[in-house]
Amino acid sequence: MSIAWVFPGQGSQKLGMADPILGLKDAEARFNLASERMGRDLLSICRGEADQDQAPADINDTRNTQPGLFVVESLLVDELKRQGREASLVAGHSLGELVALYAAGVFDFSTGLQLMLRRSELMAAAGGGSMTAVIGFDREQLNELIASTKDVVIANDNSVGQVVISGSPAAVSSVSSELKCKLAAPLPVSGAFHSPFMADAAAAFADELDQVIFEDATIPVLSNTDPTPAQDGTLLKQRLKKQMTTGVRWREAMDAIAHAGTTRVIEIGPGKVLSNLVKRSLEGVSTSQLATAADLGH
């Protein structure tokens, strides 16, 4: 059986997501380390119990969401490995790509946490844009509207029938209002993530990445910017440098998962967003979710 591990990104977080995995090895230490580096109690934030005077205290603030998901997902990965379970391929959606790189041995937890903290700070500071999820649309019409409208791009190409567009508020509104679709839902985000509007943040993150050694991956990784299997650490770093501005090619990543002969996809982290996309897109591929310590027994 060929198994792929996939890691969800922002939007999958929920209050209480840390509690079901606190019994795992190193859980307390990792939350303590993250809290020390952040200057606020990450576990309390995940529980919705944080002191509101120590802003930001909301789990949905990207400065908390990203490190919170990284800690939770990394603990699940390590427990899977302790059980002797392995994947043939890994991929992550947006911030989930950093968890995939961690799972593939490209860097250690401390390094991954530092990268995630820096990434979240830069993305939170890069305001001035908007994003809208679009479902049930005509792909040709969407491509034409994107091509003829300045300051808007496809940020997340999630599946045949689901994308997220990103850019200036006026441009995003224009495209979503003209596009014939079943649903166009504005997302509660602070900026135009995965678009050229993130150029300054991407440049600063690239500087951070240059200070880190990326080891060769132990298993193939599908990057958001180029979803072809790769294990060379230098190449994986170069791909990650482009992620903030060039988007998430998840539809192609699922095609690559299928092409690799994958028979089962395991979503590691809260929610079922990626599992549901796989179910609707890939025939003959089973899915399961691991979000708690109890799930690890199945």
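Above this text sits the structure in question.
Not measured: the values here are computed from a predicted model.

A.B. asks: What is the right way to look at the overall build of the protein chain in this model?
C.D. replies: Of regular secondary structure, the protein chain possesses 12 helices and nine strands. For the protein chain, whose C-alpha radius of gyration is 18 Å, the value lies close to the compact-globule estimate of 19 Å for 298 residues. With the C-alpha coordinates aligned to their principal axes, the bounding extent of the protein chain is approximately 50 × 50 × 35 Å. Taking all 298 residues of the protein chain together, 55% fall into the buried category. A separation of at least 24 residues holds for 72% of the contacts in the protein chain among residues at least 6 apart in sequence. Roughly 12500 Å² of accessible area belongs to the protein chain as shown, and the carbon and sulfur atoms make up 48% of that amount. Side chains of the protein chain carry 26 positive and 36 negative charges; the gap between the two charge centres is 4 Å.

A.B. asks: Sorry if this is basic, but what is going on with unusual backbone geometry here?
C.D. replies: For residues that are not glycine, phi is negative in most cases, and the peptide bond is trans in most cases. Although it is not a glycine, D151 sits at a positive phi angle of roughly 70°. With respect to the helices and strands, the residue D151 is situated in the loop between α6 (139-148) and β4 (152-159). For D151, a relative accessible area of 38% corresponds to the partly exposed category.

A.B. asks: What is the right way to look at the sheet that holds strand β5 (residues 162-167) in this model?
C.D. replies: Note on sheets: strands pair through backbone hydrogen bonds, and any given pair is parallel or antiparallel. Sheet architecture is open: four strands sit in the order β4-β5-β3-β6, paired in antiparallel fashion. Edge positions in the sheet fall to β4 and β6 (181-186), since each of these pairs with one other strand and no more. Neighbouring strand axes in the sheet, compared pairwise and without regard to direction, differ in orientation by 20° on average. Bridge count for strand β3 (residues 130-137) against β5 is six bridges, and the pairing is antiparallel. Paired with I135 across the bridge in β5 is Q162. The strands touched by helix α7 (residues 169-178) are β3, β4, β5 and β6; relative to β5, the strand with the most contacts, the crossing angle is about 145°.

Quick notes on the rules
- Residues numbered from 1 in each chain as written.
- Predicted model: local features only at pLDDT ≥ 70, side-chain atom pairs only at ≥ 80, totals over all residues.
- Heavy atoms only, no water.
- Helix = DSSP H or I, 4+ residues; strand = E, 2+ residues; numbered from the N terminus.
- Rg over C-alpha atoms; globule rule 2.2 N^0.38 Å.
- Buried < 20%, exposed > 50% of the residue type's maximum accessible area, 1.4 Å probe, protein only.
- Contact = heavy atoms within 4.5 Å.
- Areas by Shrake-Rupley, 256 points an atom, 1.4 Å probe, with all protein chains shown as cover.
- Lys, Arg positive; Asp, Glu negative; His and termini not counted.
- Charge placed at Lys NZ, Arg CZ, Asp CG, Glu CD.
- Pairing = 2+ DSSP bridges.
- Axes fitted to C-alpha atoms, helices over the stretch in contact; angles between N-to-C directions.

Any functional reading would require information that these geometric values do not contain.
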